[in-house]
Number of protein chains: 2
Amino acid sequence: MLRIGILGLGTVGSGVVKILEKNSENIKNKVGTEVTIEKILVNNLKKERDVEIKKELLTDKVEDIINNSNIDIVVELIGGEQPAYDYIIKAIENGKSIVTANKLVIAKYGKRIFRKADENDVQVCYEGSVAGGLPIIRPLQNSLAANRIEKIYGILNGTTNYILTDMSKEKKDFADSLKNAQALGFAEADPSSDIEGYDAAYKITILSSLAFERFVDVNEVYVEGIKDIDIEDIELAHEMGYVIKLLAIAKNSSEGLDVRVHPAFVPEDHPLAMINGTYNCVYLHGDAVGQVMSTARGAGQMPTGSAVTADIIQVAKDINHNQREVQRMDSFLESNVIKIDEIENSFYLRFEVKDEPGVMAHIAKIFGDNNVSLASVLQKQKENPVVPLVFITHSVREKDLNQSLAKIKKLDDVIEIKSVIRVENNI
Amino acid sequence: MLRIGILGLGTVGSGVVKILEKNSENIKNKVGTEVTIEKILVNNLKKERDVEIKKELLTDKVEDIINNSNIDIVVELIGGEQPAYDYIIKAIENGKSIVTANKLVIAKYGKRIFRKADENDVQVCYEGSVAGGLPIIRPLQNSLAANRIEKIYGILNGTTNYILTDMSKEKKDFADSLKNAQALGFAEADPSSDIEGYDAAYKITILSSLAFERFVDVNEVYVEGIKDIDIEDIELAHEMGYVIKLLAIAKNSSEGLDVRVHPAFVPEDHPLAMINGTYNCVYLHGDAVGQVMSTARGAGQMPTGSAVTADIIQVAKDINHNQREVQRMDSFLESNVIKIDEIENSFYLRFEVKDEPGVMAHIAKIFGDNNVSLASVLQKQKENPVVPLVFITHSVREKDLNQSLAKIKKLDDVIEIKSVIRVENNI
Ligand SMILES: NC(=O)c1ccc[n+]([C@@H]2O[C@H](COP(=O)([O-])OP(=O)(O)OC[C@H]3O[C@@H](n4cnc5c(N)ncnc54)[C@H](OP(=O)(O)O)[C@@H]3O)[C@@H](O)[C@H]2O)c1
Ligand SMILES: NC(=O)c1ccc[n+]([C@@H]2O[C@H](COP(=O)([O-])OP(=O)(O)OC[C@H]3O[C@@H](n4cnc5c(N)ncnc54)[C@H](OP(=O)(O)O)[C@@H]3O)[C@@H](O)[C@H]2O)c1
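Going along each chain's sequence as written, the residues are numbered from 1 onward. Throughout, the order in which chains and ligands are written sets their labels, letters from A for the former and numbers from 1 for the latter. Residue-level local features of this predicted model are given only where pLDDT is at least 70; pairs of side-chain atoms are given and counted only at 80 or more, and the full residue set underlies all totals for whole chains, interfaces and linings. Side-chain metrics in this entry use all non-hydrogen atoms of the structure; hydrogen atoms and water are not considered.

Trainee: I'd love a proper account of the overall build of chain A, names of residues and values included.
Mentor: Per the convention used, a helix needs a DSSP run of H or I reaching at least four residues, while a strand needs a run of E reaching at least two, with both numbered from the N terminus. Check the secondary structure of chain A and you find 14 helices and 19 strands. Here the radius of gyration uses the C-alpha set of atoms, whereas the globule reference equals 2.2 Å times the residue count to the power 0.38. For 427 residues, the compact-globule formula gives about 22 Å, and the C-alpha radius of gyration of chain A, at 24 Å, lands near that figure. Viewed in the frame of its principal axes, chain A has a C-alpha envelope of about 80 × 45 × 35 Å. Think of it in three bands: residues with accessible area under 20% of the maximum for their type are buried, residues over 50% are exposed, and the middle band is partly exposed, with areas taken using a 1.4 Å probe on protein chains only. Out of the 427 residues belonging to chain A, those deemed buried represent 59%. By definition in these notes, contact holds between two residues if any of their heavy atoms fall within 4.5 Å. Pairs at least 24 apart in sequence give 74% of the contacts found in chain A among residues at least 6 apart. Computed with the Shrake-Rupley method and a 1.4 Å probe, the accessible areas treat only the protein chains shown as cover for residues. By element, 45% of the accessible surface of chain A is carried by carbon and sulfur atoms, the whole surface being about 17,200 Å². Here chain A contributes 50 positive and 64 negative side-chain charges, whose respective centroids are spaced 3 Å apart. The charge count treats Lys and Arg as positive and Asp and Glu as negative. His and the chain ends do not count. Throughout, a charge is located at the NZ atom of Lys, the CZ atom of Arg, the CG atom of Asp or the CD atom of Glu.

And the structure:
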């Protein structure tokens, strides 16, 4: 028999308990022995639980799990940075293997955690940390291992994808769609990590580290969220044959890694444009395999529980057979993310300008002087003295674009720079 | 150092050699030691090769590989049933782990091969046998292991998907599209295994065995190919909002397994309808994870080489760390595929009838008497005495449908039953 301790009995923890129970016979067959829950850590022993659970399994003392010599595997599902990180480290030091869905901790402290696990000859699995139930961590570690991954494009945050889909389909503004997502349970009460892009940034940090075999530093990843996306931008995008998505991007080149999270124009006939609602998607390109795209629900109790329980089964099987899955990270290189300033992209730009002759010429001159060349211009109906002026640029270095925008901002006939959104034409 | 022997240096074998060479440093890091090719078996030592290879590596004597005590891993890429199967068994008996892309041998003899491998404490990996570079075998074995898989729908044969896409886009008939596919290298000189559905049947046999943990008997899998698909059916499908795809289907129910390969109407807004050309796709539903869909190129030198080389890396890593990935197949049950007669499906039916009053009533009566209820009827323009009559049925047991069709065939005013194609509305 193999005993696990679970830290946290919230959304995902309850899912794991349900799956372990429902599929116990099947899991026993796969592992070769029974897998039982020895203890579950919670904050509040008195809270009503979503699953039926024997009272004596619950504890509010973490030592009951991480110092418990009966327990082989610690499943960390409390989330957040601390105390989760400390608990993981202590459990490893006590010889326990770890399964976690904590993208923040893996993205920030993965390197330390994996080293510690190596020193203590235990495993750390984190399939649930990226894209919920979608198999992506292990495929990068094994089925795709013969490839040099060249680029990854992900829709990795279900909350923002739901909001953008809702804004686009229902012609709602951001605030309304966010409220709607919260009412439906697709966004948290404090949605900042999702809508500001940090959640996706943790995930692309994890994926790019694995794909490019470097410990990508999450602080070097450029992050921009979706809260400034205007319904007008969504409609203009649509007119021009695009959909706006929050993309997590990671590309490998000889100059370094290009890793970033931001809203982007995606051509409407690209498969990524069709990923709607709370679905997640990973689209990658390997030198041998070519394009691979996978999609599934990226969050929620059962999908994430599926990934976490799969990790538990794998680790339990290995322990039961006296093995240890070796993840050779000793050859991983250090982070070398290129600063966003140096990245080249095509851009969508929306200005509000005065309806006066010469404004276009003024703007065009500044672009020309700063190496920004234009692919298309759209000037909307002129019913009032303030008119929207929309540009799509050719590929331009961000630094050059920003310099020109700083100058354009100061023009008398430019009222406001409303939107600056990257356009991803070559996914 | 780890030494491998490769049986076969054709399309896939050459791809594996290329990838091992190109990514050798990276593979060494992953495995923890160098992986080198000791010997390669070919039929014809004098043939020009697609890859540069030292002459002394080639042999036409299989014993140089399967009896070679320097070799730890045998990579079988000669294809076909014999001598591939014998070579695999002998290599296992000699203590060698196997990597293969041979779907025919795994589908037909998987059970015997896995038992033999267990007895000899070696591994057998076959990621390349299904859907080329698309990671699906390992995800079923690990990332999705906590699920009860309920159903799988696959587009698993690139040749037929290319032909159907080409027929549909270019309004060509089957023979022309097949010739085109052959000219482009997407279909073999003898395309029968692809176009008759057997290739897809081997693959769905492998997937359903893994997903449902039963040794599915490939002979119990219903198989129907695409060569009777008429351009007229493709156009009528389009008019009714469908696309015709060769689907490989596997469903699990309390009555048994429903495993089959046949052309099917797929609703045009379903993601499967958008998989075009030589792409493959696996769409599955698990009780915890919900829907997962993955797509990639399903064949070809490099995609398949990617999957085979990933398996080589995995096995080499395990051997180098004195481990052995345990695939617990001892609890797999026996095959219990339901006979196609008992399966219920909606059907598209196209008849050629005489333009005479009463024909519809005659047909409708027979359907009514045999429990076949109709969802829709389409009668095309009546410019000549022979008119096409098209029906979509509600869900009906195949036995009942076939009984009614046998009677309808005998009607005087029915000239011919042109097409009978299953409609998959509830994917
Ligand atoms: N929710 C998803 O769909 C999803 C998807 C992918 C990944 N994840 C990741 O999975 C992890 C868990 O997320 P979740 O949504 O399940 O969180 P949650 O619903 O907020 O649950 C957290 C659980 O941890 C317990 N807990 C929190 N802090 C604790 C502490 N200091 N000491 C003891 N117990 C503590 C809570 O106890 P009480 O119940 O007593 O308050 C609660 O049971 C996070 O890392 C998250 O990023 C979640
Ligand atoms: N091609 C694909 O895209 C693809 C995709 C997925 C899976 N697969 C599977 O991969 C396997 C290999 O396919 P392939 O397309 O690479 O085949 P292939 O191009 O026909 O190559 C077969 C190779 O095996 C050698 N060979 C055949 N029979 C032999 C024998 N009896 N003794 C010694 N050597 C023999 C041939 O030698 P000579 O070169 O001297 O004739 C040739 O090098 C098959 O199981 C196939 O189903 C292929």
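Trainee: Give a description of the packing of helix H2 (residues 24-31) of chain A against helix H12 (residues 301-320) of chain A that names residues and reports values.
Mentor: Residues and elements named next belong to chain A. Geometry is summarised by axes, namely lines fitted to C-alpha atoms with helices restricted to the contacting stretch, and by angles between N-to-C directions that run from 0 to 180 degrees. Closest axis-to-axis distance for the H2/H12 pair is 9 Å, and the angle between their directions is 40°. Judged by the angle between their axes, H2 and H12 are oblique. As H2 packs across H12, the resulting crossing turns out to be right-handed. The segment H2 lies against H12, with Ile27, Lys30 and Val31 engaging Thr309, Ile313, Ala316, Lys317 and Asn320. Each residue gets one label: Ala, Val, Leu, Ile, Met, Phe, Trp, Tyr, Cys and Pro are nonpolar, Asp, Glu, Lys and Arg are charged, and the others, such as Gly, are polar. Of the residues in the contact of H2 with H12, the class split is 4 nonpolar, 2 polar and 2 charged. Put simply, angles under 35 degrees are roughly parallel, angles over 145 are roughly antiparallel, angles from 65 to 115 are roughly perpendicular, and the rest are oblique. Should the near helix be turned anticlockwise from the far one by less than a right angle, the crossing is left-handed, and should it be turned clockwise, the crossing is right-handed.

Trainee: Please give an account of the site of ligand 2 that cites residues and values.
Mentor: Residues and elements named next belong to chain B. Proximity criterion: a residue is near a molecule or strand once any of its heavy atoms comes within 4 Å of it. Surrounding ligand 2, one finds 22 residues, the nearest of these being Val12, Asn44, Lys47, Arg49 and Gly300. Definition of a polar contact: a pair of N or O atoms within 3.5 Å, with one able to donate and the other able to accept a hydrogen when the atoms are protein atoms, and with sequence-neighbouring residues admitted only if both atoms are side-chain atoms. Between ligand 2 and the protein, one listed contact pairs an oxygen atom with a backbone N or O atom of glycine 10 at 3.1 Å. At 2.8 Å from an oxygen atom of ligand 2 is found a main-chain nitrogen or oxygen belonging to valine 12. Considered class by class, the residues forming the shell around ligand 2 number 9 nonpolar, 10 polar and 3 charged.

Trainee: Account for the interface of chain A and chain B, naming residues and giving values.
Mentor: Listed per partner, the contact involves 50 residues of chain A and 50 residues of chain B. Contact between chain A and chain B buries roughly 4,300 Å² in total, counting both sides, with carbon and sulfur atoms accounting for 48%. It is Ser143(A), Ala146(A) and Arg328(A) in chain A that bury the most area against chain B; as a group they hold 13% of the surface buried on that side. For salt bridges, the criterion is a side-chain nitrogen of Lys or Arg within 4 Å of an Asp or Glu carboxyl oxygen. The interface formed by chain A and chain B includes 4 salt bridges. Accessible area, probed at 1.4 Å, shrinks when two parts are joined; the buried area is that loss added up over both.

Trainee: Requested: an account of the packing of aromatic side chains, with residues and values cited.
Mentor: Residues and elements named next belong to chain B. Between rings of Phe, Tyr and Trp, where Trp is taken as its six-membered ring, a pair exists when centres lie within 6.5 Å; planes separated by under 30 degrees are stacked, by over 60 edge-to-face, and by other angles tilted. Scanning all chains against the criterion turns up 18 aromatic pairs over all chains. Judged by centre distance (6.4 Å) and plane angle (25°), the ring pair of phenylalanine 351 and phenylalanine 367 falls under stacked. Taken as a pair, phenylalanine 351 in strand E15 (residues 344-354) and phenylalanine 367 in helix H13 (residues 359-369) lie far apart in primary sequence, 16 residues in all. Each member of the pair, phenylalanine 351 as well as phenylalanine 367, is classed as buried.

Trainee: Residue-level account of the domain arrangement of chain A, with values.
Mentor: Residues and elements named next belong to chain A. Residue ranges for the domains originate in an automatic or database domain assignment. Partitioning chain A into structural domains gives domain 1 (2-129 + 301-334), domain 2 (137-297) and domain 3 (340-423). In this structure, domain 1 and domain 2 have C-alpha centres spaced 27 Å apart. Where domain 1 abuts domain 2, roughly 1,800 Å² becomes buried across the two surfaces, and 61% of that area is made up of carbon and sulfur atoms. At the junction of domain 1 and domain 2, the tally comes to 3 salt bridges. The closest approach of N and O atoms between arginine 138 and glutamate 325, which form a salt bridge, is 2.9 Å.

Trainee: I'd like a rundown of the UniProt feature "binding site: NADPH" (unreviewed entry) in chain A, residues and numbers included.
Mentor: All names here are of chain A. UniProt positions are given in the numbering used here, feature names are shortened, and annotations may be inferred rather than shown by experiment. Mapped onto this structure's residue numbering, the UniProt feature "binding site: NADPH" (unreviewed entry) falls at Lys103. With respect to the helices and strands, the residue lysine 103 is situated in helix H5 (residues 103-120). Exposure remark for lysine 103: the relative accessible area of 25% places this residue in the partly exposed category. Once residues within four sequence positions are removed from consideration, lysine 103 is found in contact with Ser129, Asp199, Tyr202, Lys203 and Ile206.

Trainee: Please set out the pairing of strand E11 (residues 256-267) of chain B residue by residue, giving values where relevant.
Mentor: All names here are of chain B. Burial runs high along E11: 12 of the 12 residues are buried. A pair of strands counts as paired when DSSP detects no fewer than two bridges linking them. Pairing analysis gives 2 bridges linking strand E9 (residues 222-223) to E11, with the strands arranged parallel. By the bridge assignment, valine 223 is partnered in E11 with valine 261. Two successive antiparallel strands, strand E10 (residues 242-253) and E11, enclose a turn made up of 2 residues. Summarising the sheet, E11 and strand E19 (residues 414-423) pair through 2 bridges and their orientation is parallel.

Trainee: Outline the relation of the copies chain A and chain B, listing residues and values.
Mentor: Alignment of the copies relies on least squares applied to C-alpha atoms, considering only residues that score at least 70 for pLDDT in both. If you rotate chain A by 180° and push it 0.0 Å along the axis, it lands on chain B with an RMSD of 0.0 Å. These values place the two chain copies in the arrangement generated by a two-fold rotation axis. If distances are taken from each C-alpha of chain A to the rotation axis, the shortest is found for Ser294(A), at 2.1 Å. Taken as a fraction of all interface residues of chain A, those also at the interface in chain B reach 100%, which identifies the copy contact as same-surface.

Trainee: Go over the sheet that holds strand E3 (residues 58-59) of chain A with me, naming the residues and quoting the values.
Mentor: The 6 strands are arranged E3-E2-E1-E4-E5-E6 (chain A) in an open sheet whose pairing can be described as parallel. A single partner strand is all that each edge strand has here, and the edge strands are E3 and strand E6 (124-125) of chain A.

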